[in-house]
2 protein chains.
Amino acid sequence: MRVSREKFAENREKILAVAGELFREKGFDGIGVAEIMKAAGLTHGGFYGHFDSKDELASEASKALVARSLERWKQVAASSPEQPLEALLAHYLSHRNVVEHATGCVFAALTQEVSRHGPEMQSTFTGGLMGLVEVLEEIVPGETPEERRRKAFASLSAMVGAVILARAMDSAELSQEFLSATRQELSPLPDESNG
Amino acid sequence: MRVSREKFAENREKILAVAGELFREKGFDGIGVAEIMKAAGLTHGGFYGHFDSKDELASEASKALVARSLERWKQVAASSPEQPLEALLAHYLSHRNVVEHATGCVFAALTQEVSRHGPEMQSTFTGGLMGLVEVLEEIVPGETPEERRRKAFASLSAMVGAVILARAMDSAELSQEFLSATRQELSPLPDESNG
DNA sequence: ATTATCTATAGATCTATAGATAATGC
DNA sequence: ATTATCTATAGATCTATAGATAATGC
């Protein structure tokens, strides 16, 4: 049952995509190689032709997720040149990002596990988060570059923190309150449309 | 090798204490019952005389950690009646809370795993986090109760988020920048002593 | 002939339990 | 006699590998 060179590359991407969803949904320790391969439509044993180990898959999947997340932030900010911060807050602090773990923010899903893995993963997350800080530095209010950098770090903490805490709530109302409160506190504009 | 009724109760507390540290350090899925019992100075098999399952231990340990965390916040706020918010920020946004996972904040360590466990654990974390919101509501600046409640939710998001992101950094300088930036943004006082 | 995948399994680890052991406390 | 702990192990699950299988591509 061998497969073409092209199909081989497709299979690798499929494994990475499926792993990216399952890792975000269940955590690195909450899902096994066999189940990932099954979800990708392949057999367990075939995995080791694509990756040396589960750890390598976790690293590669994280890199892809972090890179895509940063791209998305840049797109969202660029798509609203007049209110980029408000667009980013609306995009990130959303109900969807609270309930859809498998396709939501990689940082809201996996950051607490990073320090328990190797330095390579820590480096990936550090780079990704600093990329988000750079996006924020250019769109947060502030007189000086120092003030904007400070606001960028603090805003990112609040945004990721709000989604993580919202996900831990057992009530949809309290989840929403974390999102709304953070959005209002971080936005310099008086809000008009707020749920 | 039976043990007195009193020693039995002590052993249970020892298991809970050790589990509380190991869960925070390695995650619920990152440590097994056998290793927890070994760290408590007991044998694997003895565990099931104290708890029905690992899940029950995780629930009980979480309850204890969350309750202790809330107590600590109240103490810290009460210990500085003139600047309770600054005291809490200094206490929480500390280098110690970034590097000492086993004894640090339970929310900074385990919140991302809560939604993957049962509703009982979600209820425990929801109650604990709402307790922290109530502490903050009374000490954050704001003209109206609504504004203070909003600031309490947003401040808690930023505080927990800052420690979680600081822990993912591969550089001590960047970790510190998350803490310092968040402290400055959340404190209404101009800071004098900042590292 | 090469190589991507599949089948089957080794070896380690994890939760949970059964039965034996030995000290407590009536 | 009761009961807290220990020894030993069952049964499930997990990572990783070895060898067989079968399609690709020179």
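Presented here is a report on the structure given in the accompanying data block.

**Focus on the overall build of chain A**
The secondary structure content of chain A amounts to nine helices and zero strands. Element order for chain A, N to C, with α for helix and β for strand: α-α-α-α-α-α-α-α-α. Going through the 195 residues of chain A one by one, you find that 52% of them count as buried. Taking all contacts inside chain A whose residues are at least 6 apart in sequence as the whole, residues at least 24 apart take part in 60%. Of the roughly 9200 Å² that chain A leaves accessible, carbon and sulfur atoms contribute 50%. If the 21 positive side-chain charges of chain A are averaged to one point and the 29 negative ones to another, these points end up 7 Å apart.

**Looking at the protein's contact with DNA strand D**
In the vicinity of DNA strand D lie 21 residues, with Arg-2 and Tyr-48 of chain A together with Asn-11, Thr-43 and His-50 of chain B positioned nearest. Per the 4 Å cut-off to the protein, sugar and phosphate atoms form 67% of the nearby atoms of DNA strand D. Backbone polar atom of Arg-5 of chain A to a phosphate oxygen of DNA strand D: 3.5 Å apart, as the coordinates give it. In the model, a phosphate oxygen of DNA strand D is placed 3.2 Å from a nitrogen or oxygen of the Tyr-48 of chain A side chain. Each residue belonging to the surface near DNA strand D can be placed in one class, and the counts come to seven nonpolar, 10 polar and four charged.

**A look at helix α4 (residues 84-92) of chain A**
Residue and element names in this part refer to chain A. Among the nine residues in α4, seven count as buried, and that is most of the element. Looking only at α4, the buried set comprises Pro-84, Leu-85, Glu-86, Ala-87, Leu-88, Leu-89 and Tyr-92. At its buried positions, α4 is contacted by α3 (54-79), α5 (95-99), α6 (106-114), α7 (119-137), α8 (145-168) and α9 (172-186).

**Details of the relation of the copies chain A and chain B**
These two copies of the chain differ by a rotation about an axis and a displacement along the same axis. Overlaying chain A on chain B yields an RMSD of 0.0 Å, the required transformation being a rotation through 180 degrees with an accompanying axial translation of 0.0 Å. What the superposition gives is, in effect, a two-fold axis relating one chain to the other. Of all interface residues in chain A, 100% are interface residues in chain B too; the two copies therefore contact each other through one and the same surface.

**Describing the protein's contact with DNA strand C**
Residues in close proximity to DNA strand C total 21 residues, the closest being Asn-11, Thr-43 and His-50 of chain A together with Arg-2 and Tyr-48 of chain B. Sugar and phosphate atoms represent 64% of those atoms of DNA strand C found within 4 Å of the protein. In the environment of DNA strand C, a phosphate oxygen lies 2.6 Å from a nitrogen or oxygen atom belonging to the side chain of Thr-43 of chain A. His-50 of chain A has a polar side-chain atom sitting 2.7 Å from a phosphate oxygen of DNA strand C.

**What about the packing of α8 of chain A against helix α6 (residues 106-114) of chain B?**
Across the interface, α8 of chain A lies against α6 of chain B with an axial gap of 8 Å and an inter-helix angle of 55 degrees. Classified by the interaxial angle, the pair formed by α8 of chain A and α6 of chain B is oblique. Every pair of crossing elements has a handedness; the one defined by α8 of chain A and α6 of chain B is left-handed. Taken together, the residues of α6 of chain B that come into contact with α8 of chain A (itself represented by Ile-164, Leu-165 and Ala-168 of chain A) are Thr-111, Gln-112 and Val-114 of chain B. Of the residues belonging to the contact of α8 of chain A with α6 of chain B, the class tally is four nonpolar, two polar and no charged.

**Details of the layout of surface pockets**
Roughly 470 Å³ of volume is contained in the largest pocket. Looking at the largest pocket, it is lined by 23 residues, and the ones nearest its centre are Glu-185 and Leu-186 of chain A together with Lys-151, Glu-185 and Leu-186 of chain B. Listing elements by their share of the lining of the largest pocket, those giving two or more residues are α8 and α9 of chain A together with α8 (145-168) and α9 (172-186) of chain B. Of the residues assigned to the lining of the largest pocket, the class counts are 14 nonpolar, five polar and four charged.

About the criteria used
Residues numbered from 1 in each chain as written. Chains lettered and ligands numbered in written order. Predicted model: local features only at pLDDT ≥ 70, side-chain atom pairs only at ≥ 80, totals over all residues. Heavy atoms only, no water. Helix = DSSP H or I, 4+ residues; strand = E, 2+ residues; numbered from the N terminus. Buried < 20%, exposed > 50% of the residue type's maximum accessible area, 1.4 Å probe, protein only. Contact = heavy atoms within 4.5 Å. Areas by Shrake-Rupley, 256 points an atom, 1.4 Å probe, with all protein chains shown as cover. Lys, Arg positive; Asp, Glu negative; His and termini not counted. Charge placed at Lys NZ, Arg CZ, Asp CG, Glu CD. Near = heavy atom within 4 Å. Polar contact = N/O pair within 3.5 Å; in protein donor to acceptor, adjacent residues only side chain to side chain. Nonpolar A, V, L, I, M, F, W, Y, C, P; charged D, E, K, R; others polar. Least-squares fit on C-alpha atoms with pLDDT ≥ 70 in both. Axes fitted to C-alpha atoms, helices over the stretch in contact; angles between N-to-C directions. Parallel < 35°, antiparallel > 145°, perpendicular 65-115°, else oblique. Left-handed = near helix turned anticlockwise from the far one by under 90°. 1 Å grid on protein atoms, 1.4 Å probe; cavity = no way out; pocket = protein on both sides within 12 Å on 5 of 7 lines; lining within 4 Å. Points joined across faces, edges and corners; volume = space filled by probe spheres on them.

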